[in-house]
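Working through the structure, step by step
If you want the building blocks of each chain, they are given just below.
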Amino acid sequence: MLGGALSLTINDAMAKYLTQSYPVGQVMALRGLSIIMLLIAFLFFMNNLKALKIFSWKGHLLRAGAMTGSTFFFITGLSLLPITDAIAIAFVAPILTTILGVIILREAVSWKRWAAIFVGFFGVIIILQPTSDAFNIAAIAPMGAAAFGAARDVITRAISGSENSLSILLTSMLMITIAGFLTYPLGWSAVKLSHIWIFITSSLLVGLAQYLMIEAFRLGEVALISPFKYSSLLWATLIGLVIWNDLPSKHVVLGAFILILSGIYLLRNEVTNGGKNR
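**Some points on the pattern of salt bridges**
Opposite charge on two side chains allows them to pair when their charged atoms are near. Counted according to the given criterion, the structure contains one salt bridge. One salt bridge in this structure joins Asp153 and Arg152, with 3.0 Å as the shortest N-O distance. Given the relative accessible area of 18%, Arg152 is considered buried.

**Regarding the confidence of the model for the protein chain**
Atomic detail in the predicted coordinates should be set aside for any region of low pLDDT. Of the residues in the protein chain, 87% have a pLDDT of 70 or more, and the chain-wide mean is 84. The spread of mean pLDDT over the elements of the protein chain runs between helix H10 (residues 222-225), the lowest at 52, and helix H3 (residues 57-80), the highest at 94.

**Topic: unusual backbone geometry**
Here Asn47, not a glycine, exhibits a phi torsion of approximately 55°, which is positive. Here Asn47 lies in the loop between helix H2 (24-45) and H3. A relative accessible area of 69% places Asn47 in the exposed class. A positive phi is found at Asn245, a non-glycine position, where the angle reads about 60°. Mapped onto the elements, Asn245 comes out in the loop between helix H11 (232-244) and helix H12 (250-273).

**Details of the packing of helix H4 (residues 83-90) against H11**
Two quantities define a packed helix pair, namely the angle between the helix axes and the distance between the axes. The N-to-C vectors of H4 and H11 enclose an angle of 165°; their axes lie 8 Å apart at closest approach. As judged from the angle between their axes, H4 and H11 are roughly antiparallel. For H4 against H11, the interelement crossing comes out right-handed. Contacts between H4 and H11 pair Ile83, Thr84, Ile87 and Ala88 from the former with Ser232, Leu233, Ala236, Thr237 and Gly240 from the latter.

The rules we used
Residues numbered from 1 in each chain as written. Predicted model: local features only at pLDDT ≥ 70, side-chain atom pairs only at ≥ 80, totals over all residues. Heavy atoms only, no water. Salt bridge = Lys/Arg side-chain N within 4 Å of Asp/Glu carboxyl O. Buried < 20%, exposed > 50% of the residue type's maximum accessible area, 1.4 Å probe, protein only. pLDDT = per-residue confidence, 0-100. Helix = DSSP H or I, 4+ residues; strand = E, 2+ residues; numbered from the N terminus. Axes fitted to C-alpha atoms, helices over the stretch in contact; angles between N-to-C directions. Parallel < 35°, antiparallel > 145°, perpendicular 65-115°, else oblique. Left-handed = near helix turned anticlockwise from the far one by under 90°. Contact = heavy atoms within 4.5 Å.

Here it is as structure tokens:
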């Protein structure tokens, strides 16, 4: 899980670096295209193209739409905010997932989980500082990413029983790539040869991160492993300091700490109670 979190954070850093030279839509399109090509090549090499069979087109399209929205808003947030701030705000996703689970999947939630949700939102308020001069309108972008990400996770939970993970990944990446290419009339920049390896490496890191996280959940207990994904905040802080000389402010650290505690409680409670009234 630590390796997966590190891979994703390096990928986020690469996306942020690329947005300094290219529009968000172009980064989405080219990175998505690279992932699709690598995924199809892998399945062809493994002689497993049948894994792409789809049973619920509606579920795939809804999930792909949510993934596209999450990707657009998160990359936008990365382009406008320090990487640590963007990732810290996106930690609200598990809280939003719990709320959407109640609304869409009719999952029961106890008062303890509602308390954790409100505590988590308090952490978000500390990070955003909506009533102070320090409020940054750009912070809305990672919040949007978290909202779409929560919808994506709930939809994934609903369709995972009948759909293959690889087919879900492919349809989502197809929609992200198409959405990115639709921004071409808005103006793209010529791709520098020195940046091609970054697009390819970013795609490989996404695949590596998914593989490492799947292996972590396969080999260990979810309640024990899940909290380690929050190590991405540490990696983001180190990367932000080394590359952009950015350090998170005190309110970002405090708010992220509260969000992490809330998220860990919700994750552990989810696993411990196994979907019962919590």
